[in-house]
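# Geometric and topological summary
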Protein chains: 2
Amino acid sequence: MRATMIHAPGDIRVENRPDPVITDPTDAVVRTVATCVCGSDLWAYRGIEPVDEPHPMGHEYVGVVEETGAGVTSVRPGQLVIGSFATSDNTCPNCLAGYQSACLNGEFMTTCQAEYVRVPQAQGTLVPVADGAADELLPSLLTLSDVMGTGWYAAKAAEVRPGSTAVVVGDGAVGLCGVIAAGELGAERVIAMSRHQARQELAAEFGATDIVAERGEEGVERVRELTGGIGADSVLECVGTGESMRQALRSTRPGGNVGFVGLPHGVAIDGQELFFSHVGLRGGPAPVRAYLPELIQRVLDGRIEPGRVFDLTLPLEEVAEGYRAMDERRAVKTLLRP
Amino acid sequence: MRATMIHAPGDIRVENRPDPVITDPTDAVVRTVATCVCGSDLWAYRGIEPVDEPHPMGHEYVGVVEETGAGVTSVRPGQLVIGSFATSDNTCPNCLAGYQSACLNGEFMTTCQAEYVRVPQAQGTLVPVADGAADELLPSLLTLSDVMGTGWYAAKAAEVRPGSTAVVVGDGAVGLCGVIAAGELGAERVIAMSRHQARQELAAEFGATDIVAERGEEGVERVRELTGGIGADSVLECVGTGESMRQALRSTRPGGNVGFVGLPHGVAIDGQELFFSHVGLRGGPAPVRAYLPELIQRVLDGRIEPGRVFDLTLPLEEVAEGYRAMDERRAVKTLLRP
């Protein structure tokens, strides 16, 4: 099959690789219908995460079941399925507590920018999409594999409630999906922090009621002005830098909550500042699996259109250009068609 | 009046000071019936917080209203009252959100180890105790001014729920009160971390079901053994050091919560470790005011006896010995009778 490999920072190639096969009875092999490039893939692309040796890339997919192991009864060949970037048996204590991304038998997917993918723990991981989903819904369904589920978790972790005020720090695909999530969870006011016009416009179409272009302390001040001097009830931190985390914490009212989903790079949280802020903080790799059934339904119902975060669609063969466009911020997110 | 002053680390004196008077119409003057020494007072006593010039000490009190300003109608002279270590108008947005310790018009009390104390924002701050409370309940009522309310907040911030498992890190007065709080909020299992026999015994009498004497990574391992390898639902961090915070975070299951109430000294939380832990974290100076009515009732009903954390009672004149005994860990907490 054709599959994406990274050889070094900036060096993305599509190569011939062995077709994946069932190795455990809990596996399935899925033929990808659509896959994509994640903002987090850029950490390696930019050399911020080391690339010690060539390795496959990609953790988001929607596809058709090709084959299942003997222990997999919940999906069958031919079904259109979505799986999270993190596999999960959906039966361990962490899964039962709603944290499938901390499954005791789980792992992170790493080979999905390819024609085929082996999915471990397929029984717990894969969720079928009802037959006959229109092809135009595929981009939105694909976002449920990561970014839309991650934005949803950010809003849940930030405890967005009906009538509340939410701030979204970060205007990447996850942040934009966070805007959708905050609105769906009932936030009356959704303040999107963005300085890029196209992203501001999409945020507004996704339901943002206010746009704040300022960053850092100025951004915090602006949020405070918009929230009676107190700060927001909920802040979704969708970047992962020390600056964005500080901005998120300082934009939150005492007793409010920050949900952080940007993988932190070099972030240290000052204990005393967190203490006096009275802000609640929860983050982590999103338990996307928990949200798949309801989010699939919202997409099928046409209630949410997170697929609009894809502003570049390329054949898998041109994946390198997909990375480059995101790295240069010419694209929010690249969809790949194998 | 007689009042406690700190002149330098280790140098605590009782001196003649001017009687406090009403300076704002929102003030009250309270004659203290009992006051005490807090673990946090030891930060200055030990020189960990600088003592730039002599200043009064103390933030916990139960007493009788002596005089009220013109704007105070909720309490009257002669009433027995309790106030939090933090004053609050109880009407600002932060107060209404349940975070009275972040009151926009609040301040921290600092002069309570004395015969009289001026209480700002008395209308919102002071809560009267029903007439006729037995003298033997005074120690328990006094704890509601800080340590019992702080333990209660730790349990609330850690989201202790009926049937859950809670761990308490720290066997000082706050930790011991946290054991009470976890039980009152319905925890089925309360694991107290303590290596001091007398404190272990009191923790058990307060409702701890398990005692863990190990610390650090060994302590974490022991908690994991007791919780099916997963970690506890809720952990109350009642110390405030980097080590105790790490221990708390690592003892919590994915999706669980840490409530931290020990004032952090030199604590930096690693963003990436917090991220992958999926642990929710909330701390801060406890909004004790929010809990006073229900906690007073529990004391009057004889349902809780947090006053048992006082294992040394001295006349105010001997306050220096009260500090010394706590510093040398000969006493958990010292009650002072003016």
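Refer to the structure presented above.
Residues numbered from 1 in each chain as written. Chains lettered and ligands numbered in written order. Predicted model: local features only at pLDDT ≥ 70, side-chain atom pairs only at ≥ 80, totals over all residues. Heavy atoms only, no water.

## Concerning the overall build of chain A
The cut-off we apply is this: Comment: elements are numbered from the N terminus, with helices defined as DSSP H or I runs of at least four residues and strands as E runs of at least two. Throughout, the radius of gyration refers to the C-alpha atoms, and the reference size of a globule is 2.2 Å times the residue count to the power 0.38. Partly exposed describes any residue whose relative accessible area lies between the buried limit of under 20% and the exposed limit of over 50%, with all areas from a 1.4 Å probe on protein chains only and scaled to the type maximum. Residue exposure ignores everything except the shown protein chains as possible cover, and the areas themselves are Shrake-Rupley values with a 1.4 Å probe. In this tally Asp and Glu are treated as negative and Lys and Arg as positive; neither His nor the chain ends contributes. In plain terms, the charge of a residue is placed at NZ if it is Lys, CZ if Arg, CG if Asp and CD if Glu.
Each helix and strand in chain A was counted, giving twelve helices and 17 strands. Relative to the globule expectation of 20 Å for 338 residues, the C-alpha radius of gyration of chain A, 19 Å, shows essentially globular dimensions. By principal-axis analysis of the C-alpha atoms, chain A measures approximately 60 × 40 × 40 Å. Sorting the 338 residues of chain A into buried and exposed places 60% on the buried side. For chain A, the exposed area adds up to about 12,500 Å²; of that, 46% sits on carbon and sulfur atoms. Each charge class in chain A was averaged separately, 28 positive and 45 negative side chains, and the resulting centres sit 3 Å apart.

## Details of the packing of aromatic side chains
Formally: Working definition: rings of Phe, Tyr and Trp (its six-membered ring) pair if their centres are within 6.5 Å, and the pair is stacked with planes under 30 degrees apart, edge-to-face with planes over 60 apart, and tilted otherwise.
This structure, assessed with the given rule, holds ten aromatic pairs over all chains. Their ring planes at 55° and their centres at 5.9 Å tell us that A:F260 and B:F275 sit as a pair that is tilted. Here A:F260 is found in strand β13 (residues 252–260), whereas its partner B:F275 is found in helix α10 (residues 271–277) on a different chain. Here the two residues A:F260 and B:F275 agree in accessibility, since each one is buried. The interplanar angle of 85° and the centroid separation of 5.0 Å between the aromatic rings of B:F275 and B:F276 together place this pair among those described as edge-to-face. For B:F276, a relative accessible area of 41% translates into the label partly exposed.

## Description of the pairing of strand β7 (residues 116–119) of chain A
Residues in a regular strand point their side chains to alternate faces of the sheet. Residues and elements named next belong to chain A. Stated precisely, the cut-off is as follows: At least two bridges found by DSSP between two strands is the condition for calling them paired.
The two faces of β7 differ: V117 and V119 on one face are buried, but Y116 and R118 on the other face are not. Taken together, the four bridges between strand β3 (residues 28–36) and β7 define a ladder with antiparallel strand orientation. Paired with V29 across the strands is R118, a residue of β7.

## Brief notes about empty space enclosed by the protein
For clarity, the threshold we go by: Definitions used for this entry: grid spacing 1 Å over protein atoms alone; cavity, a set of points where a 1.4 Å probe fits but cannot get out; pocket, an open set with protein on both sides within 12 Å along at least 5 of 7 lines; lining residue, one with an atom within 4 Å of a point. Grid points are joined across faces, edges and corners, and a volume is the space filled by probe spheres set on the points.
Applying the stated criterion to the full structure yields two cavities of 30 Å³ or more. Roughly 80 Å³ of internal volume is contained in the largest cavity. If you trace the largest cavity, you find it lined by A:A157, A:E159, A:N257, A:G280, A:L281, A:R282, B:A157, B:E159, B:N257, B:G280, B:L281 and B:R282. For the lining of the largest cavity, the secondary-structure elements that each account for two or more residues are β15 (280–283) of chain A together with β15 (280–283) of chain B.

## Points about the pairing of strand β2 (residues 11–16) of chain B
Residue and element names in this part refer to chain B. In the sheet, strand β1 (residues 2–8) pairs with β2 via six bridges, with the strands oriented antiparallel. What sits directly across from A8, in β2, is D11. Linking β1 to β2, which pair antiparallel, is a turn of two residues; within it G10 sits at a positive phi near 80°.

## Some points on the side chain of A:T35
All names here are of chain A. Stated precisely, the cut-off is as follows: Whenever two N or O atoms come within 3.5 Å, that pair is a polar contact, provided that in protein one can donate a hydrogen and the other can accept it, and provided that, for residues adjacent in sequence, both atoms are side-chain atoms. Between two residues, a contact is recorded if the distance between any of their heavy atoms is within 4.5 Å.
Along the chain, T35 turns up in strand β3. Of the polar contacts made by the side chain of T35, one reaches the backbone oxygen of E60; its length is 2.7 Å. Here C112 takes part through its backbone oxygen, which lies 3.0 Å from a polar atom of the side chain of T35. Those residues within four positions of T35 in sequence are excluded, and the remaining contacts are E60, C112, Q113, A114, L142, T334, L335, L336 and P338.

## Quick notes on the sheet that holds strand β4 (residues 55–56) of chain B
Taken in spatial order, the three strands of this open sheet run β2-β1-β4 (chain B), and their pairing is antiparallel. Pairing within the sheet leaves two strands with one partner each, and these edge strands are β2 and β4 of chain B.

## Describing the interface of chain B and chain A
The condition that has to hold: Accessible surface is computed with a 1.4 Å probe, and the buried area is the amount of it that two parts give up when combined, taken over both parts together.
Facing the 38 residues of chain B at the interface are 38 residues of chain A. Across the chain B to chain A interface the summed buried area is about 3,000 Å²; carbon plus sulfur atoms make up 65%. Three residues, B:F275, B:H278 and B:R282, lead the burial of chain B against chain A; their summed loss comes to 24% of the area buried on that side. The interface formed by chain B and chain A contains 18 residue pairs in polar contact (both at pLDDT 80 or more). Of all the secondary-structure elements, those providing two or more residues to the side of chain B that touches chain A are α2 (93–96), β13 (252–260), β14 (268–270), α10 and β15 of chain B. Among the elements that line the side of chain B that touches chain A, the one with the most residues is β13(B), at six residues.

## So, the state of the cysteines
Note the cut-off: Only a pair of cysteine sulfur atoms within 2.5 Å qualifies as a disulfide here.
Considering all chains together, one arrives at zero disulfides over all chains under this definition. A disulfide-free cysteine, A:C38 has its sulfur positioned 7.2 Å from the sulfur of A:C36, the nearest such atom. We note that B:C238 lacks a disulfide partner, and the nearest cysteine sulfur, in B:C177, lies 9.2 Å from it. Of the residues examined, B:C238 reaches a relative accessible area of 12% and is grouped as buried.

## Re the pattern of salt bridges
Residue and element names in this part refer to chain B. What counts here: Definition used for salt bridges: Asp or Glu carboxyl oxygen within 4 Å of a side-chain nitrogen of Lys or Arg.
Under the definition given, this model contains 44 salt bridges over all chains. Residues E217 and R250 are paired through a salt bridge, measuring 2.6 Å at the closest nitrogen-oxygen approach. With E217 in helix α8 (residues 216–226) and R250 in helix α9 (residues 242–250), the pair connects residues that are 33 residues apart, well separated along the chain. R222 is the partner of E225 in a salt bridge, and the nearest nitrogen-oxygen pair spans 2.9 Å. Separated by three residues within a single helix, E225 and R222 lie in helix α8, roughly one turn from each other.

## What about the relation of the copies chain B and chain A?
Definition in use: Fitting of the copies onto one another was done by least squares over C-alpha atoms, counting residues only where both copies have pLDDT of at least 70.
The transform that puts chain B on chain A rotates by 180° and translates by 0.0 Å along the axis, for an RMSD of 0.0 Å. One copy is carried onto the other by what is essentially a two-fold rotation axis. Interface overlap between copies is the fraction of interface residues in one copy that are interface residues in the other; for chain B against chain A it reaches 100%, indicating a shared surface.

## Focus: the sheet that holds strand β2 (residues 11–16) of chain A
A sheet is described by the order of its strands in space; here three strands give the open sequence β2-β1-β4 (chain A), paired in antiparallel fashion. Of all strands in the sheet, those with a lone pairing partner are β2 and β4 (55–56) of chain A, marking the two edges.

## Focus on the environment of B:D311
Residue and element names in this part refer to chain B. The residue D311 is located in the loop between α11 (288–300) and β16 (312–315) in this model. Taking relative accessible area as the criterion, D311 reaches 42% and is therefore assigned partly exposed. Taking the C-alpha atoms as reference points, D311 and K333, separated by 22 residues in sequence, lie 6.1 Å from one another. Beyond its immediate stretch of four places on either side in the chain, D311 contacts R330, A331, V332 and K333. At a separation of 3.2 Å, a polar atom in the side chain of D311 contacts the main-chain amide nitrogen of K333.

## Observations concerning the environment of B:D233
Residue and element names in this part refer to chain B. Considering the arrangement of structural elements, one finds D233 in strand β12 (residues 232–237). When its relative accessible area of 22% is taken as the criterion, D233 is described as partly exposed. With 184 residues separating them along the chain, D233 and E49 place their C-alpha atoms 33 Å apart. Contact partners of D233, with chain neighbours within four places excluded, come to A158, S164, T165, T252, R253, G256 and N257. Of note is the side chain of D233, whose polar atom sits 2.9 Å from the backbone nitrogen of T165.

## Digging into the side chain of B:T4
All names here are of chain B. Of note, T4 is situated in strand β1. For T4, a relative accessible area of 0% puts it in the buried group. A polar contact is formed between the side chain of T4 and the backbone oxygen of Q113, at a distance of 2.8 Å. Beyond its immediate chain neighbours, meaning those up to four positions away, T4 contacts I12, R13, V14, H55, P56, M57, Q113, L316 and V319.

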